[in-house]
Amino acid sequence: MPTLLLTGFEPFHTHPINPSAQAAEALDGAEVGGARVVSALLPVEPHAAAAALLTLLDAHQPDAVLLTGLAAGRPHVTAERVALNVMDFRIPDNAGWVYRDHPAHGHAEAPPAYMSTLPLRAVVEAWRAAGIPGDISNTAGLYLCNFVLYHALDHLAHTGRAGVPCGFLHVPANAGVALAVPEDRPPLPYLPQEEITRAVRVAAEVVGGRV
Ligand code: PCA
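Nothing here was measured: the structure is a model prediction, and the numbers come from that model.

Conventions adopted
- Residues numbered from 1 in each chain as written.
- Predicted model: local features only at pLDDT ≥ 70, side-chain atom pairs only at ≥ 80, totals over all residues.
- Heavy atoms only, no water.
- Phe/Tyr/Trp six-rings, centres within 6.5 Å; stacked < 30°, edge-to-face > 60°.
- Helix = DSSP H or I, 4+ residues; strand = E, 2+ residues; numbered from the N terminus.
- Buried < 20%, exposed > 50% of the residue type's maximum accessible area, 1.4 Å probe, protein only.
- 1 Å grid on protein atoms, 1.4 Å probe; cavity = no way out; pocket = protein on both sides within 12 Å on 5 of 7 lines; lining within 4 Å.
- Points joined across faces, edges and corners; volume = space filled by probe spheres on them.
- Nonpolar A, V, L, I, M, F, W, Y, C, P; charged D, E, K, R; others polar.
- Near = heavy atom within 4 Å.
- Polar contact = N/O pair within 3.5 Å; in protein donor to acceptor, adjacent residues only side chain to side chain.
- Areas by Shrake-Rupley, 256 points an atom, 1.4 Å probe, with all protein chains shown as cover.
- Core = buried A, V, L, I, M, F, W, Y, C linked by side-chain atoms within 4.5 Å.
- Contact = heavy atoms within 4.5 Å.

1. Concerning the packing of aromatic side chains
Remark: the centre distance and the inter-plane angle together describe each pair of aromatic rings, the angle taken between the planes.
And step 1. Counted under the stated rule, the structure contains four aromatic pairs.
And step 2. On the numbers, 5.2 Å between centres and 70° between planes, the contact of Phe 89 with Tyr 99 is edge-to-face. Taken together, the residues Phe 89 in the loop between strand E6 (82-84) and strand E7 (113-115) and Tyr 99 in the loop between E6 and E7 connect sequence positions ten residues apart.
And step 3. Given a relative accessible area of 1%, Phe 89 falls into the buried group.
And step 4. By relative accessible area, Tyr 99 is classed as buried at 13%.
And step 5. Linked through ring pairs, Phe 12, Phe 89, Tyr 99 and Tyr 143 together constitute an aromatic cluster.

Structure, rendered in structure tokens:
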């Protein structure tokens, strides 16, 4: 059976939990769209995240890759179209570092961007058919989510696996994240965790069903 690598991120910044991690944990080992899900959590620090990601890609040789993370403030799920070779953090990573105007990949020949190789429109249509509003996003930000998407696509391209569908889903806050916002800060839109997990599962069904 084909393998679908599904990653979530550890909690970061002021968020006590990460709904992407909860979705990845809930789907670990499941058979989705004819593929077996192998889930893993990535650290919110670029060096450790890149090392963990490349190890996962080489150890599991996945047939499809679905990376996920939290976009606190977005009202619905989004499938990212592009990863840029830029890090420009507005908040520190979990090691306390802030990278500004910094390449995501230091190699002189690293391209400025990679396009997601997921069937993005099919994912959005499957969400809608399942009653889940969502959209394609044209920016994954310039923090860890953009960074891991860039490195995953770069690694697949350089190991003869450019045809492996690979992309990134951003999920909104769940109730636990929204409840942790201090009263003097603007409230966050949120979705119940079950709905976030369902959205990730529907996307995995589309991707897994094509490998
Ligand atoms: N979201 C962050 C990094 C970790 C996460 O879950 C991002 O959007 O870059």
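2. Examining the layout of surface pockets
And step 1. Considering only enclosed or pocket space, the largest pocket measures out at about 790 Å³ in volume.
And step 2. Forming the boundary of the largest pocket are 30 residues, of which Phe 12, His 13, His 15, Ala 72 and Ile 91 lie nearest the centre.
And step 3. Sort the elements by how many residues they give to the lining of the largest pocket and helix H4 (residues 144-158) lands first, with three residues.
And step 4. Class assignment for the residues of the lining of the largest pocket results in 20 nonpolar, six polar and four charged.

3. Let's talk about the site of the ligand
And step 1. Phe 9, Phe 12, Asn 18, Gly 69, Leu 70, Tyr 143, Leu 144, Cys 145 and His 170 make up every residue found near the ligand.
And step 2. Take Leu 144: an N or O atom from its main chain is 3.3 Å from an oxygen atom of the ligand.
And step 3. A distance of 2.9 Å separates an oxygen atom of the ligand from a polar backbone atom of Cys 145.
And step 4. In the complex, the protein chains occlude 94% of the 270 Å² of accessible area that the ligand would expose alone.

4. Notes on the environment of Val 164
And step 1. Turning to its location among the elements, Val 164 is positioned in the loop between H4 and strand E9 (166-171).
And step 2. Separated by 46 residues in the primary sequence, Val 164 and Leu 118 have C-alpha atoms spaced 8.7 Å apart.

5. Re the nonpolar core
In a soluble, globular protein the nonpolar side chains are often hidden away together inside.
And step 1. If you look at the biggest cluster of nonpolar residues, it comprises 38 residues, and the most contacted ones within it are Phe 9, Val 65, Leu 67, Leu 144 and Val 148.
And step 2. A total of nine residues in this core trace back to one element, the largest contributor, which is H4.
And step 3. Look past the residues within four positions of Phe 9 in its chain and what remains in contact with it is Asn 18, Ser 20, Ala 21, Leu 42, Pro 43, Val 44, Thr 68, Gly 69, Leu 144, Cys 145, Val 148 and Phe 168.
And step 4. Ala 30, Ala 126, Trp 127 and Ala 204 belong to the second-largest nonpolar core, a separate cluster that totals 32 residues.

6. Overview of unusual backbone geometry
And step 1. Not every positive phi belongs to a glycine, and His 13 is a case in point at roughly 50°.
And step 2. Positionally, His 13 belongs in the loop between strand E1 (3-9) and helix H1 (19-27).
And step 3. For His 13, a relative accessible area of 44% corresponds to the partly exposed category.
And step 4. Residues other than glycine seldom take positive phi values, yet Gln 61 does so here, at roughly 45°.
And step 5. Structurally, Gln 61 can be placed in the loop between helix H2 (46-60) and strand E4 (64-70).

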